[in-house]
Amino acid sequence: MKVQRIGYIRVSSVLQNTARQLDGIKLDKVFEDKVSGKDTNRPALKEALQYVRQGDTLVVHSMDRLARSLDDLRQIVKELTGRGVAVQFVKENLTFTGEDSPMANLMLSIMGAVAEFERTLIKERQKEGVQLAKARGAYKGRKQEMTEQRIDELRRRAEAGEPRAQIARDMGISRDTLYRYLNS
């Protein structure tokens, strides 16, 4: 079996550009997510983790692209290196193989903690911005996705005995949201 270099690219939203990540690096296959790194529930990440094999190297632009949580970052790196997959972070110029020095493990922890801290600051600034906009009257909240017609439809379907999970999936909402409309 051929040893491969697999790339993983992540940006937080579909509007962001992935071009700068891993540009010019020779890779056999690339997996790309356009979702938040707040957790590991990302389709391309799951696919990449299943795809890589012993001897392969997972190449990521920087640690914060792989995970924004220190626990998630350490867990992913430990799981991959435990399977014989190396993890290379281009920006930090670090590669983890499972036979890492105490200094490399310290760097993983420090850089991962910085990524987690940065995400917390971003969320805090966003919350402050929303509060200021609300005070100015400039922020009205997120646009209501559920119209009265859709709410009536989900109530009719629930009363007809359809499974709640199926209704939520069909409507593109969470079950919590579904129950909130059913109980209001």
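Residues numbered from 1 in each chain as written. Predicted model: local features only at pLDDT ≥ 70, side-chain atom pairs only at ≥ 80, totals over all residues. Heavy atoms only, no water.

Asker: Can you walk me through the overall build of the chain in this structure?
Answerer: From N to C terminus, the chain includes 7 helices and 5 strands. Element order for the chain, N to C, with α for helix and β for strand: β-β-α-β-α-α-β-β-α-α-α-α. The 184 residues of the chain split such that 36% are buried. Surface summary for the chain: the accessible area is close to 11,900 Å², and the carbon and sulfur share equals 49%. In the chain, 34 side chains carry a positive charge and 26 a negative one; their mean positions are 3 Å apart. (Helix = DSSP H or I, 4+ residues; strand = E, 2+ residues; numbered from the N terminus. Buried < 20%, exposed > 50% of the residue type's maximum accessible area, 1.4 Å probe, protein only. Areas by Shrake-Rupley, 256 points an atom, 1.4 Å probe, with all protein chains shown as cover. Lys, Arg positive; Asp, Glu negative; His and termini not counted. Charge placed at Lys NZ, Arg CZ, Asp CG, Glu CD.)

Asker: How do you make sense of helix 1 (residues 43–51) when you look at a structure like this?
Answerer: Of all the positions in helix 1, only Ala-44, Leu-45, Ala-48 and Leu-49 are classed as buried. All buried residues of helix 1 fall inside an arc of 135° around its axis, so they share one side. Pointing more than 90 degrees away from the buried face of helix 1 are the exposed residues Pro-43 and Gln-50. Those residues of helix 1 hidden inside the fold are in contact with strand 1 (5–11), strand 2 (29–34), helix 2 (63–66) and helix 3 (70–82). (Arc of directions from axis to C-beta. Contact = heavy atoms within 4.5 Å.)

Asker: Looking at this structure, I do not really get the sheet that holds strand 5 (residues 94–96). What am I missing?
Answerer: In a beta sheet, neighbouring strands are held together by backbone hydrogen bonds and run either parallel or antiparallel to one another. Pairing in this open sheet of 5 strands is mixed, and the strands run 2-1-3-4-5 from one edge to the other. In this open sheet, the two strands that pair with only one neighbour each are strand 2 and strand 5. The mean angle between the axes of side-by-side strands here comes to 20°, regardless of whether they run parallel or antiparallel. Across 4 bridges, the pairing between strand 3 (residues 57–60) and strand 4 (residues 86–89) is parallel. Looking at strand 4, one finds that Val-59 is bridged to Gln-88. (Pairing = 2+ DSSP bridges. Axes fitted to C-alpha atoms, helices over the stretch in contact; angles between N-to-C directions.)

Asker: So what exactly am I meant to see when it comes to the nonpolar core here?
Answerer: Nonpolar side chains tend toward joint burial in soluble globular proteins. Residues Leu-66 and Phe-89 are the most contacted members of the largest nonpolar core, which totals 24 residues. Those elements that provide at least two residues to this core are strand 1, helix 1, strand 3, helix 2, helix 3, strand 4, strand 5 and helix 4 (102–136). Among the nonpolar cores identified, the runner-up in size contains 10 residues, and Ile-167, Ile-173, Leu-178 and Tyr-181 belong to it. (Core = buried A, V, L, I, M, F, W, Y, C linked by side-chain atoms within 4.5 Å.)

Limitation: the analysis is restricted to geometry and does not speak to function.
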